[in-house]
Amino acid sequence: MLLGLWLRPDLALYAEWVDWCNPPIPLATKVDRTSPRQTRDAEATKAEILNAAEEEFAKFGFSGAKTEAIAAKTGVTKAMIYYHFGSKEELYKAVIQRPAADFVNAFGDLELETMPPEEALKTVIKVAIAHEISHPHYGRVLLHEAMQNQGQYFKLTGWVNPINRVVAVVERGIQAGIFRPVDPWLAVNHTMGICTFYFNAQANMRNVQPEFESFTPEAIDRFTESAIAMVLAGLKV
């Protein structure tokens, strides 16, 4: 080896250059080599699991839903579901929180406090109905939550503030003499029922009038206008 270095001193320089270009990387500082595609695939998998889980929980509630069925619908293993969510309970919480975040964000963009009470209530009804259309299984998930869990996880929806804001709209309308002196809390309960029953009870109601097409754009427009007219007719002086 010494003879080789004496004959070819450039070998020694080359070895030093290689060592300088490739320093050892401590384990604690190794770069995360997760590719953007892997991250996107993981997020897509989680979204597919949540979609299937929402449908499963809508049918059977928390206690009756099976992670095996959710895995079969998404083509993943149960282990993959637990990898992403930890447990069935955590998956259920994620299902409750995801559509609720859309609803809370939509309400957060509304300036209800500065709108005339009548206009504010019209806007609330339109947003609520649009949410039901966007999340067709979510209402039934919440019905099971009320029946099976007595609302134990309902606080995760974040709906408390939006609902109280609507109560305040009705109170303001009463104080201004625009709305009749009704109980604001009950008025909001009736309004919520009008906005949600149409969607949550369709499996039953289509047996009454099977020819009625409930979810065409025209039908939804008519339903929205009818809901607004009914609520305001009950409230306005």
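This text follows the structure it describes.
Residues numbered from 1 in each chain as written. Predicted model: local features only at pLDDT ≥ 70, side-chain atom pairs only at ≥ 80, totals over all residues. Heavy atoms only, no water.

**Observations concerning the nonpolar core**
Phe-57, Leu-91, Phe-107, Leu-112 and Ile-129 are the most contacted members of the largest nonpolar core, which totals 54 residues. Those residues within four positions of Phe-107 in sequence are excluded, and the remaining contacts are Leu-112, Val-124, Val-127, Pro-162, Arg-165 and Val-166. (Core = buried A, V, L, I, M, F, W, Y, C linked by side-chain atoms within 4.5 Å. Buried < 20%, exposed > 50% of the residue type's maximum accessible area, 1.4 Å probe, protein only. Contact = heavy atoms within 4.5 Å.)

**Considering helix α9 (residues 160-175)**
Given 3.6 residues per helical turn, the α-helix brings residues three or four places apart onto the same face. For α9, built from 16 residues, the straight-helix expectation of 22 Å at 1.5 Å per residue is met to within 8% by its first-to-last C-alpha distance of 23 Å. Among all positions of α9, only Pro-162, Ile-163, Arg-165, Val-166, Val-167, Val-169, Val-170 and Gly-173 are buried. Of the surrounding elements, those touching the buried residues of α9 are α6 (88-108), α7 (117-134) and α10 (184-200). Remark: Gly-177 follows α9 within two positions and exhibits a positive phi of approximately 80°. (Helix = DSSP H or I, 4+ residues; strand = E, 2+ residues; numbered from the N terminus. Expected span 1.5 Å × (residues − 1).)

**Thoughts on α6**
For α6, built from 21 residues, the straight-helix expectation of 30 Å at 1.5 Å per residue is met to within 8% by its first-to-last C-alpha distance of 30 Å. Along α6, the sharpest kink reaches roughly 25°, centred on Ala-100. Within the sequence span of α6, burial applies to Leu-91, Tyr-92, Ala-94, Val-95, Ile-96, Pro-99, Ala-100, Phe-103 and Phe-107. (Bend = angle between axes of the 7 residues up to and from the residue.)

**With respect to a nonpolar patch on the surface**
A surface patch of nonpolar side chains, amounting to about 310 Å² of accessible area, comprises Phe-197, Met-205 and Val-208. In this structure, Val-208 sits in the loop between α11 (202-205) and α12 (217-235). Residue classification places Val-208 among the exposed residues on the basis of a relative accessible area of 59%. (Patch = residues over 30% accessible without salt bridge, like charges linked within 9 Å, V, L, I, M, F, W, Y side chains within 5 Å. Areas by Shrake-Rupley, 256 points an atom, 1.4 Å probe, with all protein chains shown as cover. Salt bridge = Lys/Arg side-chain N within 4 Å of Asp/Glu carboxyl O.)

**Looking at the environment of Ala-47**
Mapping Ala-47 onto the fold places it in helix α3 (residues 36-64). Spatially, the C-alpha atom of Ala-47 lies 9.9 Å from that of Thr-74, the residues being 27 residues apart in sequence.

**Examining the pattern of salt bridges**
Scanning all chains against the criterion turns up seven salt bridges. Notably, a salt bridge pairs Glu-56 with Lys-73, separated by 3.4 Å at the nearest N-O pair. Of the two residues, Glu-56 sits in helix α3 while Lys-73 sits in helix α4 (residues 67-74), which places them 17 residues apart along the sequence. For Glu-56, a relative accessible area of 3% corresponds to the buried category.

**Looking at the packing of aromatic side chains**
Note on aromatic pairs: each is described by the distance of the centres and the angle between the planes. Taken as a whole and assessed by the stated rule, the structure comprises 14 aromatic pairs. Ring centres 4.9 Å apart and planes at 45° place the aromatic pair Phe-62 and Tyr-92 in the tilted group. Remark: Tyr-92 occurs in helix α6 and Phe-62 occurs in helix α3; sequence separation between them is 30 residues. Each member of the pair, Phe-62 as well as Tyr-92, carries the same accessibility label: buried. Where Phe-103 meets Trp-159, the ring centres are 4.7 Å apart and the plane angle is 40°; that geometry is what we call tilted. Here the residue Phe-103 occupies a position in helix α6, and Trp-159 occupies one in the loop between α8 (138-149) and α9, the gap between them amounting to 56 residues. (Phe/Tyr/Trp six-rings, centres within 6.5 Å; stacked < 30°, edge-to-face > 60°.)

**Some words on a negative patch on the surface**
Taken together, the side chains of Glu-213, Glu-218, Asp-221 and Glu-225 present a region of like negative charge at the surface. Along the chain, Glu-218 turns up in helix α12. What makes Glu-218 exposed here is its relative accessible area of 54%. (Lys, Arg positive; Asp, Glu negative; His and termini not counted. Charge placed at Lys NZ, Arg CZ, Asp CG, Glu CD.)

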